[in-house]
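Observations on chain architecture
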Amino acid sequence: MTLVGWSQLLLFFALVLVLTKPVGTYLFRVFESGTPPLPRVLGPVERVLLRLCGVNREQEQTWGQYTASLLAFSLFSVLGVYALQRLQHVLPFNPQGLPAVGPELAFNTAASFTSNTNWQSYGGESTMSYATQMWGLTWQNFASAAAGLGVALALARGLTRRAGPEGRETLGSFWVDLVRGTLYVFLPLSFVVALFFVSQGVLQNLAPYHGVSTLEGAKQTLAFGPVASQEAIKMLGTNGGGFFNANSAHPFENPTPLTNLVQLLLIFVLPAGLTYTYGKMTGDTKQGWALFAAMSILFLVGAAASYAAEAQPNPALASASVAQAGNLEGKETRFGVAASALFATVTTDASCGAVNSMHDSFTALGGLVPLVNMQLGEVIFGGVGAGLYGILVMAVLAVFIAGLMVGRTPEFLGKKIEAREMKLAMLYVLIFPLVILGLSAVGAVTPQGTSSLNNAGPHGLSEILYAFTSGVANNGSAFAGLNANTPFWNIGLGLAMLAGRFLMMVPVLALAGSLVGKKAVAPGPGTFPTEGALFTGLLVSVVVIVGALTFFPVLSLGPIVEHFLGAAGKVY
Amino acid sequence: MVSTLLTALRVSAVTLALTGVLYPLAVTGVAQVLFPHEANGSLVKDDQGRVVGSELIAQGFTQAGYFQPRPSAAGAGWDATASGGSNLGPTSRKLQDRAVAEADRLRRENPEAEGPVPAELVTASASGLDPQVSPEAALWQVPRVARARGVDPARVRALVLSRVEGRTFGVLGEPRVNVLTLNLAMDRQFGGPAPTASR
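Owing to the predicted nature of the structure, the values given are computational and were not obtained by experimental measurement.

About the cut-offs
Residues numbered from 1 in each chain as written. Chains lettered and ligands numbered in written order. Predicted model: local features only at pLDDT ≥ 70, side-chain atom pairs only at ≥ 80, totals over all residues. Helix = DSSP H or I, 4+ residues; strand = E, 2+ residues; numbered from the N terminus. Rg over C-alpha atoms; globule rule 2.2 N^0.38 Å. Buried ≥ 20, exposed ≤ 12 C-beta atoms within 10 Å, placed from the backbone. Contact = placed C-beta atoms within 7 Å. Domains from an automatic or database assignment. pLDDT = per-residue confidence, 0-100. Pairing = 2+ DSSP bridges. Expected span 1.5 Å × (residues − 1). Axes fitted to C-alpha atoms, helices over the stretch in contact; angles between N-to-C directions. Parallel < 35°, antiparallel > 145°, perpendicular 65-115°, else oblique. Left-handed = near helix turned anticlockwise from the far one by under 90°. Nonpolar A, V, L, I, M, F, W, Y, C, P; charged D, E, K, R; others polar. Bend = angle between axes of the 7 residues up to and from the residue. Core = buried A, V, L, I, M, F, W, Y, C linked by C-beta atoms within 7 Å.

Each helix and strand in chain B was counted, giving 7 helices and 5 strands. The C-alpha atoms of chain B give a radius of gyration of 22 Å, which is well past the 16 Å a tight globule of 199 residues would have. Seen along its three principal axes, the alpha-carbon backbone of chain B occupies a region of about 75 × 45 × 35 Å. Residues counted as buried form 52% of the 199 residues belonging to chain B. Across chain B, every contact between residues at least 6 apart in sequence was considered, and the portion connecting residues at least 24 apart equals 61%.

Here it is, written out as structure tokens:
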């Protein structure tokens, strides 16, 4: 560990802190103010787009209509991405003549990109044509992020809208949220960032792969493609699916330490900004900062633990008598240990899943951090939208527990939390570990599961657990030694990702619908305040206790036991 | 229900056209005008004007007179159509065996090198295409490269040091030396090496 390494972490966090308020204010203007920014330029574009879509801007939706729209849109997304992959051999923009993608892999990829997971059972440069990458994957990088943003806004509206005399029951319009998110937030930012990436060396072309004769006369083929345009939205939408197999470790995706910092910021900027947006929606920005503080505490602890672990030498390499400056297997020289450990923390805090180093080769404890980050439910800033609605569900739980302690009906922003709300919140909390642990158990005891492992011993169990955790958490990063391109893994993980997305979004929207019609009561002496340090502390405790109680047993059989065996010099 | 599906279909088509078709083509168009060199792979040429690779993509070097990059798990080694790391875990016997074998090879090929082998020269990078090594890993190879070319090690060392890229803003990333462009600079300054394979 070095001072410079720690300063990278602090510089990054300071920049996130500075960006949160302006970004949050901008998002509030786009979605909640009634007059989005740049009305002269983007206003007409918005109107044309909505007319093409056949959407009435003024028509709001109940939670049922909002959910139906989300599911219908996601259905066409899955079908579209599936069809593009199956037909890529007859479509244009396929200079390498890549064949059609097989049915299980195409299903997995379609589920993956639609659910904002971007798990990849394939290597991009050897599998996907430029048409599939642009029309299928880049499209869903935008669309799935905008859909997640919409669900978070719907829940925030459910909590903050005050029922009028006629009793307002609507949560906004999914279609308007989707179009506005794309037009005002994702597209303009991605365009600028993509060009910055190109200036640093990220590819952006449609040319065939380029053969060269190396300095020593060997043949080398350079994979090309429209990389930068996908890279920008990959990070900004917390998607994480790499154009190339090596993802953000590939020098054509992430060529310099500066692009690396920008990629890190893009992952956190919208989830962090959304906490401020939420604060503005409640009419008290302290409500948002309380969530931001809880997320920051969990982030900083994880980042410090990850860096401390990766700065240690690997005991298994002691017999090679080499000078180890930390654990360097699977890391790039330009990033080094500090920027790799930070990236691993950020990408798993935020359900992004891009990697700039190979998590499978992290030390046992260094690999434990990303795993735990995901298992806490992707609420440490979390995905675009998913982070906010995740932490709000945990906040409902925290308020409920506080209510139990003082013996009063809990309320959140003046709205009573009753049996129906708690059932929906618990559904959300329980689906997550149920799917992860259930499928991991199947993977660990069947030959279809274990035959794909790249590592033996406890690390093998970690590979299985990581895969299903990443899938259900909609993260998409991997202990990538696992060969996931088999029918068992493609279908199992495909279902896990859909469950982690939609089985959790529906209870969230139902919760929003249940809350929006409630009358808000004025805070009384028994009201537990949901801003300030006490609430932040309680929220952190709830997140940690729910996650730790659920997953500690299986973690002790994977990374924890591996740490002790590795320290004793054992290899498998 | 039917109207929801119909709207979903129309929204899908509109967002696909906007973000999947127009956006990447627009970025490609502007990037090709503003940054053609970078957008097309940052290719580098030797003094004869022959393209010898990309500045950003590692290539294998076997001759004693060239600096070597880190081991690569991309395809059969430095395969730029099959990027990736080894994904061997911290308690992997394969990882241990590979590190021991690589360290033994390096010590054999670099008998005059000072100090222990830097670990990055026995560990595979994440992409398998890591174009750079740390200054320490480059300097460690100087005695071998200088002997193979019959030049004064101090001159080679000076060339390496002149090509070190520092941390961005003094904080970001790690100091590093690009292996391909260093080897090109070696050829430019000292002429091509005698073609003797070192392994």
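The next point concerns the overall build of chain A. Scanning chain A from terminus to terminus reveals 18 helices and 5 strands. Within chain A, buried positions represent 64% of all 572 residues.

Per the domain assignment, the segments of chain B are domain 1 (1-40) and domain 2 (42-190). One C-alpha centre belongs to domain 1 of chain B, the other to domain 2 of chain B, and the line joining them spans 40 Å.

For any part of a model where pLDDT is low, the fine detail of the predicted coordinates should not be relied upon. Looking at chain B, the pLDDT average stands at 95 and 97% of residues meet or exceed 70. Taken over the whole predicted complex, pTM reads 0.97, whereas the ipTM for its chain interfaces reads 0.96.

Chain A puts 108 residues into the contact, and the matching count from chain B is 89 residues. Bridge count for strand 3 (residues 322-323) of chain A against strand 3 (residues 117-118) of chain B is 2 bridges, and the pairing is parallel. When the sheet's bridge partners are listed, Ala323 of chain A is paired in strand 3 of chain B with Pro118 of chain B.

Attention shifts here to helix 13 (residues 386-406) of chain A. All names here are of chain A. Across its 21 residues, helix 13 extends 30 Å between first and last C-alpha, which sits within 8% of the 30 Å expected from 1.5 Å per residue. In terms of burial, helix 13 is a largely internal element, 15 of the 21 residues being buried. Looking at the residues trailing helix 13, positive phi occurs at Gly407, about 75 degrees.

Residues in a regular strand point their side chains to alternate faces of the sheet. The sheet contact formed by strand 1 (residues 210-213) of chain A and strand 2 (residues 219-222) of chain A spans 4 bridges and is antiparallel. Paired with Val212 of chain A across the strands is Gln220 of chain A, a residue of strand 2 of chain A.

Inspection of the secondary structure puts Gly29 of chain B in helix 1 (residues 2-34). Among the residues examined, Gly29 of chain B registers 11 C-beta atoms within 10 Å and is labelled exposed.

The next thing to look at is the packing of helix 7 (residues 174-200) of chain A against helix 8 (residues 227-236) of chain A. Residues and elements named next belong to chain A. Following both chains from N to C, one finds helix 7 and helix 8 inclined at 125 degrees, their axes separated by 8 Å at the closest point. Judged on the interaxial angle alone, helix 8 and helix 7 are oblique. Between helix 7 and helix 8 lies a crossing of right-handed hand. Contact residues: helix 7 offers Phe186, Leu189, Ser190, Val193, Ala194, Phe197 and Val198, while helix 8 offers Ala228, Ser229, Glu231, Ala232, Ile233 and Leu236. Among the residues making up the contact of helix 7 with helix 8, the classes are represented as 10 nonpolar, 2 polar and 1 charged.

Bringing unusual backbone geometry into the picture now. Of note, the phi angle at Phe381 of chain A is positive, near 70 degrees, even though the residue is not glycine. By secondary structure assignment, the location of Phe381 of chain A is in the loop between helix 12 (364-375) and helix 13.

Next up on the list: helix 1 of chain B. The end-to-end C-alpha separation of helix 1 of chain B is 47 Å, in line with the 48 Å expected for 33 residues at 1.5 Å each. The sharpest bend along helix 1 of chain B measures roughly 35 degrees and falls at Leu22 of chain B, with the proline Pro24 of chain B sitting one to four residues further on.

Of all hydrophobic cores here, the largest spans 249 residues; its most connected members are Leu155, Leu342 and Val508 of chain A. Ranked by the residues each element gives to this core, the list is headed by helix 6 (residues 130-160) of chain A, at 19 residues. The residue makeup of this core includes at least three contributed by each of domain 1 (1-40) and domain 2 (42-190) of chain B.

On to the environment of Gln96 of chain A. Turning to its location among the elements, Gln96 of chain A is positioned in the loop between helix 3 (63-86) and helix 4 (103-114). Spatially, the C-alpha atoms of Gln96 of chain A and Met128 of chain A are 9.6 Å apart, while their sequence positions differ by 32 residues.

Burial of strand 2 of chain A is one-sided: the residues Gln220 and Leu222 of chain A facing one way are buried, the residues Lys219 and Thr221 of chain A facing the other way are not. Hairpin geometry of strand 1 of chain A and strand 2 of chain A is characterised by an intervening segment of 5 residues between the two adjacent antiparallel strands and by a positive phi of about 90 degrees at Gly217 of chain A.

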